[in-house]
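Residue-level structure breakdown
Given next are the chains, with one letter for each unit.
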Amino acid sequence: MTFKQLGIISPILKALEAEGYTHPTPIQEQAIPILLGGKDLLGCAQTGTGKTAAFAIPILQQLFLAREQNSGRRKIKVLVVTPTRELAIQIADSFTTYGRFTGITNTVVFGGVKQGAQTNALRAGVDVLIATPGRLLDLIGQGYISLKDVEYSVLDEADRMLDMGFINDIRKIIAKLPEKRQSLFFSATMPPEIVRLSREILGNPEKVSVTPEQTTAEKVEQTLYYVSKKSKPKLLVHLLNPIANDSVLIFSRTKYGADKIAKFLGKASIKAEVIHGNKSQGARQRALGNFKSGKSNVLVATDIAARGIDIEELSLVVNFDLPNIPETYVHRIGRTGRAGLSGVAISFCDTEERPFLRDIQKLIEQKIEVIEEHPFLVDEIEATTTTKVSTNFKHHKPENKGVLEKVTRQGNNNRHAGRHRNFSRRY
Ligand code: AMP
């Protein structure tokens, strides 16, 4: 199947070719004909499946074909609502990319920044508006946005909206939309409240479902290191040092932890960017920009901040902390291995995190492969004995020689093997 066979018009085909998209992903193959046929759509799909293009392409096409009839100042004909600023920006980028030969315009509004630039863009008139719920309602309240001309509405990542407490805002927004419109609804999971919401929003939708979460987990090569909390930084530096040119996303459970990781990586001369909720929008965008452009290869993020980050060719995801919610693990490792590529994810597990590991393995219905040999296994001994053993290889004391030699040898073997194994086996 090709995009041409799906009936995509040439200005959009040209843009897709320029992006290097040769074939539609499964969700695109299923959703595009439904949407071009004017039907409502309920999509069960997570980020990484190509779902943005699955809705952006047919919407752009329908707008382009109807454009001749719509002259005069541009009115908002498409509304996309999404939970985070990062996702909103990425969706806007997708509309810009796929629509670059169509003349269709878009803008994005989100909170946490001054509204001036956003209201100026709105005043000029725009075809497609991508918004987070709070700022959207705010600007509607101030009279900058009218939804009365909307012909296409997209609710993206509905389950995250629910998690983040946006559900009432969503209901308020939906109430402001014209009855007659094409509605699209996407969610990675379908808990009962989401099913109820989808029924309120959609008419008689066609349903598409791709990549259940377990499939993502199967696609990604996952390994596990048992390591004490204290040795996690050293193990991370050890693993990252030989792969300085690959792009690595490191997850931390807390904002404080994320800053600490970047700090010790910095000390080891590994430049890392950090994004979390305490950073200003500008700082987050700068960090993401540096990472995407390759200025820095390592990005440290908390789960909320990382939602929806769209990075192509991510080499490795590191779970510096295991998440206490097992679904979060699946979301995290899904950041690698996107759009059909295979990915690599490594996780550190300390004693306190063992229960989290059990829950994760139960959810993904597989045992994560344990790396039995690494230089910081000694900490396991430390954790179970009262004898303090130095792990500083350069300055080890003679009395610890037996243990240290063993550990050092393991470490060296591991490093050596790492350089010569192919990439996906390095961890
Ligand atoms: P999404 O699920 O929308 O976040 O998309 C995941 C990633 O897949 C994005 O980086 C897209 O640029 C990429 N992508 C989407 N559709 C295709 C396609 N047909 N071929 C190759 N890459 C794609």
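Notes on the structure follow. (Residues numbered from 1 in each chain as written. Predicted model: local features only at pLDDT ≥ 70, side-chain atom pairs only at ≥ 80, totals over all residues. Heavy atoms only, no water.)

1. Here we look at the packing of aromatic side chains
When we look at a pair of aromatic rings, we describe it by the centre distance and by the angle of the planes. Basically, it comes down to this: Centres within 6.5 Å are what make two rings of Phe, Tyr or Trp a pair, Trp counting through its six-membered ring; a difference in plane orientation under 30 degrees is then read as stacked, over 60 as edge-to-face, and the rest as tilted. For helices the rule is a DSSP run of H or I covering at least 4 residues; for strands it is a run of E covering at least 2, with both sets numbered from the N terminus onward. The classification of residues rests on relative accessible area computed with a 1.4 Å probe and restricted to protein chains. Under 20% of the type maximum is buried, over 50% is exposed, and intermediate values are partly exposed.
Going through the model one piece at a time under the given rule, you end up with 6 aromatic pairs. With a centroid separation of 5.4 Å and an interplanar angle of 40 degrees, the aromatic rings of Phe55 and Phe186 are classed as tilted. With a gap of 131 residues between them, Phe55 in helix H3 (residues 51-66) and Phe186 in strand S6 (residues 182-187) connect regions that are remote in the sequence. Comparing Phe55 with Phe186 shows no difference in burial state: the two are buried. Consider the rings of Phe320 and Phe348, whose centres lie 5.8 Å apart with planes at 55 degrees: the pair is tilted.

2. Notes on the sheet that holds strand S3 (residues 106-109)
Going by this rule: If DSSP finds at least two bridges between two strands, the strands pair. Convention adopted: a line fitted to C-alpha atoms gives each axis, helices being fitted over their contacting stretch, and angles between N-to-C directions are expressed from 0 to 180 degrees.
Taken together, the 7 strands give an open sheet; going across it, the order is S3-S4-S2-S5-S6-S1-S7, and neighbouring strands pair in parallel fashion. Unpaired on one side and paired on the other, S3 and strand S7 (206-209) mark the two borders of the sheet. The mean angle between the axes of side-by-side strands here comes to 15 degrees, regardless of whether they run parallel or antiparallel. Here 4 bridges tie strand S2 (residues 78-81) to strand S4 (residues 128-131), and the two strands are oriented parallel to one another. The partner of Leu79 across the bridge, within S4, is Leu129.

3. Regarding unusual backbone geometry
Located in the positive-phi region is Ser269, a residue other than glycine, with phi close to 65 degrees. The residue Ser269 is located in the loop between helix H12 (255-267) and strand S10 (272-275) in this model. Backbone geometry at Glu365 places phi at a positive 55 degrees, although glycine is not the residue there. Residue placement: Glu365 occurs in the loop between helix H16 (354-364) and strand S14 (369-370).

4. Points about the nonpolar core
Operational definition: Residues enter a nonpolar core if they are buried and are Ala, Val, Leu, Ile, Met, Phe, Trp, Tyr or Cys, with the set joined through side-chain atoms within 4.5 Å. By definition in these notes, contact holds between two residues if any of their heavy atoms fall within 4.5 Å.
Core analysis: the biggest nonpolar cluster contains 41 residues, and Phe55, Ile57, Ile59, Phe95 and Ile130 have the highest contact counts within it. Residue assignment for this core shows that the elements contributing at least two residues are helix H1 (10-19), helix H2 (26-36), H3, S2, helix H4 (85-98), S4, strand S5 (152-155) and S6. In terms of residue count, H3 provides more of this core than any other element does, 8 residues in total. Ignoring sequence-local partners within four residues, the contact set of Phe55 consists of Leu35, Val80, Ile91, Phe95, Val154, Asp156, Leu184 and Phe186. Val126, Leu136, Met161 and Phe166 belong to the second-largest nonpolar core, a separate cluster that totals 30 residues.

5. Re the pairing of S2
For a regular strand, the rule is simple: side chains alternate between the two faces of the sheet. Burial along S2 is two-sided: Val78 and Val80 and Leu79 and Val81, pointing in opposite directions, are all buried. Inspection of the sheet shows S2 paired to S5 by 4 bridges, in the parallel sense. Across the sheet, Leu79 pairs through a bridge with Ser153, a residue of S5.

6. Overview of empty space enclosed by the protein
The criterion, for reference: Note on definitions: the grid is 1 Å and covers protein atoms alone; a cavity is a set of points where a 1.4 Å probe fits but cannot get out; a pocket is an open set with protein on both sides within 12 Å along at least five of seven lines; lining residues have an atom within 4 Å of a point. Grid points are joined across faces, edges and corners, and a volume is the space filled by probe spheres set on the points. Throughout, the ten residues Ala, Val, Leu, Ile, Met, Phe, Trp, Tyr, Cys and Pro are labelled nonpolar, Asp, Glu, Lys and Arg are labelled charged, and all others, Gly among them, are labelled polar. Domain delimitation follows an automatic or database domain assignment.
Evaluated as defined, the whole model comprises 3 cavities of 30 Å³ or more. Volume-wise, the second largest cavity comes out at about 80 Å³. If you trace the second largest cavity, you find 12 residues lining it, with Gln46, Thr47, Glu157, Arg160 and His331 closest to the centre. Here the lining of the second largest cavity is composed, by residue class, of 2 nonpolar, 4 polar and 6 charged. Two domains each put at least three residues into the lining of the second largest cavity: domain 1 (10-211) and domain 2 (214-415).

7. Looking at the sheet that holds strand S13 (residues 343-349)
One open sheet accounts for 7 strands, arranged S10-S11-S9-S12-S13-S8-S14; its pairing is parallel. The strands lining the two open edges of the sheet, one partner per strand, are S10 and S14. When strand S8 (residues 220-226) meets S14, the two strands line up parallel, connected through 2 bridges. Looking across to S14, one finds that Thr223 is bridged to Glu369. This element, helix H11 (residues 232-240), spans S8, strand S9 (248-252), strand S11 (298-302), strand S12 (316-319) and S13 of the sheet and lies at about 155 degrees to S13. Packing against the sheet, helix H13 (residues 281-293) makes contact with S9, S10 and S11, and its axis sits at approximately 140 degrees to S10.

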